[in-house]
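Observations on the model geometry
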Amino acid sequence: MDTSDSISSSGGASANATSHDNYTTTTTTTTSSSTHPPSASSSTASANNSHNNSNTTNNSTNNNGGAIEIPESRVTKLEGHSSEVFICSWSPTHPLLASGSGDSTARIWKIPTGPCGDFAPAIEAPLVLKHFNKEQESSKDVTTLDWNAEGTMLATGSYDGLARIWGKSGVLKNTLVKHKGPIFSLKWNKSGTSLLSGSVDKTAIIWDAITGEVRQQFEYHTAPTLDVDWKNDTCFATCSTDKMIFVCELGKNRPIKCFQGHNDEVNAIKWDPSGSLLASCSDDYTAKIWSLSQDRCVHDFEEHGKEIYTIKWSPTGQGSDNPGRNLILASASFDASIKLWDVERGECLYSLTKHTDPVYSVAFSPSGEYLASGSFDRCLHIWSVRDGQLVRTYKGSGGIFEVCWNSSGDKVAACFSNNTVCVIDVNMG
């Protein structure tokens, strides 16, 4: 990997990334987080071994085949951040893209409808959401962000331990003060009444989204909380470097379920669209599927050859907008591969092996027909979920921390280690 792609030691790494590593060096715990890559040194080590350790199945796609390279003329580059851009997220209802960076800002960009790149209308200057805590001048990374379902409010979490709620016009509505360490995960519930946060202080908090008051703090983990995810408006799950997963409910003073089975820190958790299955991934090289109806995992996926950084459910099956399509889980690993899992049968459908460095982000298109992936090899790939084929590819100028689709499925955004965000016009016709 070029040194230009490395995460700077002072700037932090993807959402929970180097920030997490830098913080935990004082507590003897180092980890990757659910949304942010680890330190540059561990990224490079993973990359150097990725070719030898990538697991493949008989269904692996091992060549570019008919993949179409996306030209620069169809890519809009958003410049303005002065440090790595760790996270990005589209508003679910407006043509707005939020980005968060190690430069202590989040930005809201208005993306015109229509083509990207050379034929796109001029982009307005973004709204700059400044995060700065004078008492912790070095704790500046914006580590996580999430839009509410209406697209009217943006929540951001920071390495300074504060959560903030902003209007879509960039006005700071509320600052949420309670955590005693960096916030690594932040999620709105579906109704928009509550905000859930997880922190390196080992706790999770449910906040009243209107008043900013703490509704309940959950203190069950014995190490940093890496990810949180809502099951419904009052029930949620948390995971931690302590290898544990807890399912909790507002108003109850102990977990309603404890899942134990991972042998290393648990990086990410996600409920499926129906809220009946919980997926988890870990540094123990496995992804697991859990159900509240049993104590042991439903499926234990062990085919990756290195740490699994993130997982995503397809927007298909029961409880989704695409109920006629089968439910699929995607897992992305430091072994440079992505695997698509048939959850009903507990089998690997495809192993996607065109990346050459750790894969930090995957995202399904709104229809569930395509999967976007971003890696520190600088490549954004788009795959057909139906047959595992690589159909589009774009190579940028820095490592990719996150990729995301807009709600209409015609644009993909990617944020890079070279301080930029790219919006790509994806014509799948």
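What comes next is a walk through the structure. (Residues numbered from 1 in each chain as written. Predicted model: local features only at pLDDT ≥ 70, side-chain atom pairs only at ≥ 80, totals over all residues. Heavy atoms only, no water.)

Overview of the packing of aromatic side chains
Tallying each qualifying case throughout the model produces 13 aromatic pairs. Judged by centre distance (4.9 Å) and plane angle (80 degrees), the rings of Phe218 and Phe236 are edge-to-face. Here Phe218 is found in strand β14 (residues 214-218), whereas its partner Phe236 is found in strand β16 (residues 235-240), with 18 residues between them in sequence. Judged by relative accessible area, Phe236 falls into the buried class, the value being 0%. Both rings, one in Phe301 and one in Trp341, keep their centres 4.1 Å apart while their planes meet at 10 degrees; by these two values the pair is stacked. Separated by 40 residues along the polypeptide, Phe301 in strand β22 (residues 299-301) and Trp341 in strand β25 (residues 338-342) bring together distant segments of the chain. Of the residues examined, Phe301 reaches a relative accessible area of 3% and is grouped as buried. A residue is classified by how much of its surface remains accessible, and Trp341, at 2% relative accessible area, is buried. Feature note: the residues Phe86, Tyr309, Phe334, Tyr360, Phe376 and Phe401 constitute an aromatic cluster, connected by ring pairs. In this structure, Lys231 is placed above the aromatic ring of Trp271, and the distance from its NZ or CZ to the ring centre is 4.9 Å. (Phe/Tyr/Trp six-rings, centres within 6.5 Å; stacked < 30°, edge-to-face > 60°. Helix = DSSP H or I, 4+ residues; strand = E, 2+ residues; numbered from the N terminus. Buried < 20%, exposed > 50% of the residue type's maximum accessible area, 1.4 Å probe, protein only. Lys NZ or Arg CZ within 6 Å of the ring centre and 35° of its normal.)

Quick look at the pairing of strand β5 (residues 105-110)
The buried fraction of β5 is high, at five of six residues. By the bridge criterion, five bridges tie strand β4 (residues 96-101) to β5 in an arrangement that is antiparallel. Paired with Gly100 across the bridge in β5 is Ala106. Joining the antiparallel neighbours β4 and β5 is a turn of three residues, in which Ser104 adopts a positive phi near 75 degrees. Judged from the four bridges that link them, β5 and strand β6 (residues 127-130) form a sheet pairing that is antiparallel. When the sheet's bridge partners are listed, Thr105 is paired in β6 with Lys130. (Pairing = 2+ DSSP bridges.)

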